[in-house]
Amino acid sequence: MLLKRDSAAPVASVQVWVKTGSIHEGAHLGAGLSHYLEHMLFKGTERRAGREISATVQAHGGYINAYTTFDRTVYYIDVPAEHTAVAIDLLADATLHSTLPAEEVTKEKDVILREIDMCLDDPDQRLGQALFETAYRTHPYRQPIIGHRDVFAANTRDDLLAYYRERYVPNNLVVVIVGDFDAAATRAAIAQHFGAVPRRRLAPVLVPDETPQLSRRDQHLYEDVQVSRAGLGWQIPGLAHEDTPALDLLAMVLGNGDSSILWQAVREKARLVHTIDAMTWSPGTSGLFYVSFLADPDKRAAAEAAVRREIERVARKGISQRALAKAVRQAVTAEVNMRKTMAGQASRLGAAEVVVGDVNYTRRYFARLSALTPADLQRALRRYLVPEKLTVVSSNPKPVAAAPAPVSAPAPASLDFTEIKLPNGARLLLQPNRRLPNLHLRLAFAGGPLFEPADRRGLCALMSTLLAKDTRKRSAEQVAQAIEEVGGTFNDFSGNNSFGLYAEVLPGDAALALGLIADAALQPAFKPARLDIEREGALASLRESMDDPVAVGRKKLREKFFGAHPFAVESIGTEAGLQAIAPADLRALHARLCVAGNAVLAVAGDFDPARLAPKLKAFLARLPRGAAVRPAPAWQPGAGEFVEPQPRQQAVVFQAFPGPGLLAADYHVGEVAEELFSGMSSNLFERVREQKSLAYFVRSSRVTGLRDGMFYFYAGTSPERHGEVLAEFALEIARVQDGGVTAEELRRCQTRLKAGKRMGLQTNSARAMQAALNAVYGQPVNDWRDYDAHVDAVTLGDLRAFARRYFTAAQRTQLVVKP
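Okay, so let's go over this structure. Treat the numbers as computed from the prediction; the structure is a model and nothing was measured.

Thresholds, definitions, all that
Residues numbered from 1 in each chain as written. Predicted model: local features only at pLDDT ≥ 70, side-chain atom pairs only at ≥ 80, totals over all residues. Heavy atoms only, no water. Axes fitted to C-alpha atoms, helices over the stretch in contact; angles between N-to-C directions. Helix = DSSP H or I, 4+ residues; strand = E, 2+ residues; numbered from the N terminus. Parallel < 35°, antiparallel > 145°, perpendicular 65-115°, else oblique. Contact = heavy atoms within 4.5 Å. Nonpolar A, V, L, I, M, F, W, Y, C, P; charged D, E, K, R; others polar. Buried < 20%, exposed > 50% of the residue type's maximum accessible area, 1.4 Å probe, protein only. Pairing = 2+ DSSP bridges. Salt bridge = Lys/Arg side-chain N within 4 Å of Asp/Glu carboxyl O. Core = buried A, V, L, I, M, F, W, Y, C linked by side-chain atoms within 4.5 Å. Polar contact = N/O pair within 3.5 Å; in protein donor to acceptor, adjacent residues only side chain to side chain. 1 Å grid on protein atoms, 1.4 Å probe; cavity = no way out; pocket = protein on both sides within 12 Å on 5 of 7 lines; lining within 4 Å. Points joined across faces, edges and corners; volume = space filled by probe spheres on them. Left-handed = near helix turned anticlockwise from the far one by under 90°.

## Here we look at the packing of helix α24 (residues 667–677) against helix α30 (residues 796–806)
Next up, step 1: At a closest axis distance of 10 Å, the pairing of α24 and α30 adopts a crossing angle of 90°. Classified by the interaxial angle, the pair formed by α24 and α30 is roughly perpendicular. Contacts between α24 and α30 involve Val-669, Gly-670, Val-672 and Ala-673 from the former and Asp-798, Leu-799 and Phe-802 from the latter.
Next up, step 2: Among the residues making up the contact of α24 with α30, the classes are represented as five nonpolar, one polar and one charged.

## Overview of the side chain of Gln-58
Next up, step 1: By the secondary structure assignment, Gln-58 is in helix α2 (residues 50–59).
Next up, step 2: On the accessibility criterion, Gln-58 (6% relative accessible area) is buried.
Next up, step 3: With near-sequence residues (within four places) excluded, Gln-58 lies in contact with Glu-675, Ser-681, Arg-748, Cys-749, Thr-751 and Arg-752.

## Quick notes on the sheet that holds strand β13 (residues 439–446)
Next up, step 1: Taken in spatial order, the six strands make up an open sheet running β11-β12-β16-β13-β15-β14, and their pairing is mixed. Strands at the two margins of the open sheet, each flanked by one partner only, are β11 (418–421) and β14 (489–494). Looking at each pair of strands side by side, their axes are set apart by 15° on average, direction ignored.
Next up, step 2: Examined bridge by bridge, β14 and strand β15 (residues 498–505) share six bridges and lie antiparallel to one another. By the bridge assignment, Asn-491 is partnered in β15 with Tyr-502.
Next up, step 3: Across the face of the sheet, helix α18 (residues 510–522) comes into contact with β13, β14 and β15 while running at roughly 155° to β15.

## Considerations on the pattern of salt bridges
Next up, step 1: All chains considered together, the criterion is met by 63 salt bridges.
Next up, step 2: For Glu-335, the salt bridge goes to Arg-339, with nearest N and O atoms at 3.0 Å.
Next up, step 3: Look at Glu-335 and you get buried, because its relative accessible area is 8%.
Next up, step 4: Residue Arg-339 is classed as partly exposed on the basis of its relative accessible area, which comes to 36%.
Next up, step 5: What emerges from the salt-bridge pattern is a single network uniting Arg-267, Glu-268, Asp-470, Lys-527, Arg-530 and Glu-534.

## Some details on the nonpolar core
Next up, step 1: By size, the foremost hydrophobic cluster in this structure holds 97 residues, and its most contacted members are Leu-443, Phe-490, Val-603, Leu-616, Phe-619 and Leu-620.
Next up, step 2: The dominant element in this core, judged by the number of residues it contributes, is α18, at ten residues.
Next up, step 3: Leaving out residues up to four positions away in the same chain, Phe-490 has contacts with Ala-468, Val-479, Ile-483, Leu-501, Tyr-502, Ala-503, Leu-516, Ile-517 and Ala-520.

## Brief notes about the environment of Tyr-63
Next up, step 1: Mapped onto the elements, Tyr-63 comes out in strand β3 (residues 63–68).
Next up, step 2: Taking the relative accessible area as the measure of exposure, Tyr-63 reaches 32% and is therefore partly exposed.
Next up, step 3: Among all residues touching Tyr-63, those that are not within four sequence positions of it are Val-57, Tyr-76, Ile-77, Asp-78 and Arg-752.
Next up, step 4: In this structure the side chain of Tyr-63 is engaged in a polar contact, spanning 2.8 Å, whose partner is the side chain of Asn-65.

## Focus: the pairing of strand β4 (residues 73–80)
Next up, step 1: Within β4, eight of the eight residues are buried, which leaves the element mostly enclosed by the surrounding structure.
Next up, step 2: In this sheet, β4 lies alongside strand β2 (residues 11–18) in antiparallel orientation, the contact comprising eight bridges. Across the sheet, residue Val-16 finds its bridge partner in β4, namely Tyr-75.
Next up, step 3: Bridging between β3 and β4 involves six bridges; their strand directions are antiparallel. Bridge assignment links Tyr-63 to a residue of β4, and that residue is Asp-78.

## So, unusual backbone geometry
Next up, step 1: At Leu-100, a residue that is not glycine, the phi angle is positive and equals roughly 50°.
Next up, step 2: Within the fold, Leu-100 resides in the loop between α3 (84–97) and α4 (102–121).
Next up, step 3: One non-glycine residue with positive phi stands out, namely Arg-271, at about 60°.
Next up, step 4: Tracing the backbone through its elements, the reader meets Arg-271 in the loop between α10 (261–269) and β8 (275–281).
Next up, step 5: Here Arg-271 falls in the partly exposed class, since its relative accessible area comes to 25%.

## Brief notes about empty space enclosed by the protein
Next up, step 1: Within this model, the largest cavity holds a volume of roughly 60 Å³.
Next up, step 2: Around the largest cavity, the lining residues are Lys-340, Asn-433, Arg-435, Leu-436, Asn-438, Gln-762, Thr-763, Asn-764 and Arg-767.
Next up, step 3: Looking at side-chain class alone, the lining of the largest cavity contains one nonpolar, five polar and three charged residues.
Next up, step 4: The volume enclosed by the second largest cavity comes to roughly 50 Å³.
Next up, step 5: If you go around the second largest cavity, the residues you meet are Gln-58, Glu-675, Leu-676, Ser-678, Ser-681, Ser-682, Glu-745, Arg-748 and Cys-749.
Next up, step 6: Of all the elements in the fold, those that place two or more residues in the lining of the second largest cavity are α24 and α27 (743–760).

## Looking at the packing of helix α1 (residues 33–40) against α4
Next up, step 1: Direction vectors running N to C along α1 and α4 enclose 120°, while the axes themselves pass 10 Å from each other. As the angle between them shows, α1 and α4 are arranged oblique. The two elements α1 and α4 cross, and the hand of that crossing is right-handed. Residues His-35, Tyr-36, His-39 and Met-40 of α1 pack against Glu-104, Val-105, Glu-108, Lys-109, Ile-112 and Glu-115 of α4.
Next up, step 2: Of the residues contributing to the contact of α1 with α4, the split by class is four nonpolar, two polar and four charged.

Written out as structure tokens, the structure is:
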């Protein structure tokens, strides 16, 4: 076991790492037994019925989940620290005493078949599988973790039970806990629940090494997609190899961020791709160095050639000391970010122990990394990124002639912010927190579709993107270079109701972060050439989203439901709207919205208010005076039943109803209602997925404005059974309308929401975001203090009245996306 106390937040992450994954399935390779078993371990134990596990977690304000990789399966519960022992008990019970009920095995097989269909419908998943089955010829990495559909379908309960008994033994588990727990009590709980089970026989599993690759390999898919996705992969050694730090830094230099070599050469200068990045995937013994990009179909081959040319150029000319220093800073910042939450710290410890076998691996890794020179990176590139080790995969639209008919479209710090209002109306929010060497600045404005002309949808989001690019003082490349050299982040954000900029840096780089935000807000350039580049990127994102049936369904649902209201279109906009935007439109919207009375700057992290606040005020004082009046368009929900044909293997069903806005008196009732209909312990999930195996996912969600909103249910199912899922939606709504919700259900929802709020405030970025948006929306800056009271005030009668008010057939918009 690995225990680490951290009192920075009153939460704990309890994780059980099982040293088994899809590569350990022996004679059942490709059957997905590890993933199947992950699904089954919450279905019942010798002491607990299946639903009791998730219900207990929710009742204690926790979050439970699990994931499976090639070499491990991890089960975790994030919980308020005082309930650490409960999480230990639950995870020990699930991992060591599951009964795998026969009826649940059958039901969950149908659920996973739906999940496999979802993967088959996802072009990114298909491309990933193409990469692994092409790059690996002998290693089990070539088999999908979830399993091949036909091989998985042949699994029996006996297969699953035998694998469970063979691999889930105490001597194959690692318990990792990080948080504000009582050390003695936690050790006692681990001894009680895990230590009482005796060591058992554990036979080694032979995992064959990959044979050396001697020549280039290709696989190119032509399918029902609208843009080309491509990847270039080279075989590299595993995580513990001495060359791994150099390869990691090489990936950062080549393709991490807007100032990286490939971004500048292939996107900015050659204009061949919409996005491009590089990464290393380094598990236990063998990995991949991977460059991926998104491009227009007619530019894919040229983009691949450009990537190879840049790599050859770097192999000849080498890497600058400046580029290396930037990458080192990025690596350090990434490590700091990983340690922001208890779950992140636990994941880092678990990976070090289970994957590498050295709990001090991170310290040794950074010691090697800090000693690297540009020559070391050049040597790694020449050794591994060579033509004979290259695998190229791509996913492309089918040729026009073969295309189908067109388809429709340290000590706990205070969470309170101090609020300062400047004479020009701008507001400054400050929250010093010295726990980590991390500083977050977020500048927020009211904005979004409500402020856009009807024929310029996407204007606010595109303007937000351009703010973070060229200014009158710096080019976009210089902006990216400046922030990436210090390992920081500088970017924009936008949504239905707001937009803005944020920067996150180490404390010593506060002046740079503020300078970048100030230049972007006060002196944006809105260059026509940059507008063309970012417009192309936005259009590519739109086209990419049309390859996902769930995304298509959400878009169509909003169109039908909101009608003429601006929320009918997602904040990214429409193709016609984006094409119509000119620099003059950007300048006009900027002048209208980037004014003092509409501005909130929230700062959280490691800083001295006495030293930094005057500089922050000086920036805000330079904003022009003025206020932005938020439009309030009149509208009526577009009720009706609609079908959207899509050439996919799954169906996705939606039902939407009016919902309260952020400022509505019953907004928190809506919060509780969404929790009631979502999650593994919800009655809807229990019936639709667990009892009837009708869907892989089922839940509710919301699109929320200040005054208007949409509350919707959705599920992924098979085309043949979508009608049954819609009937279950109706039954669950009727149950709530008739007062069928129990007091225990309500209590679990309230506990989960309150704990979720607590867990969601662990990072400086999350706290700054919440405080800034609260101020922008006219809510108390520190409303987190009242959140528990608001949620606890919701009654069973409130839920009944909420469902009766909003969830009526006359107001319902129903959409079915199916083949």
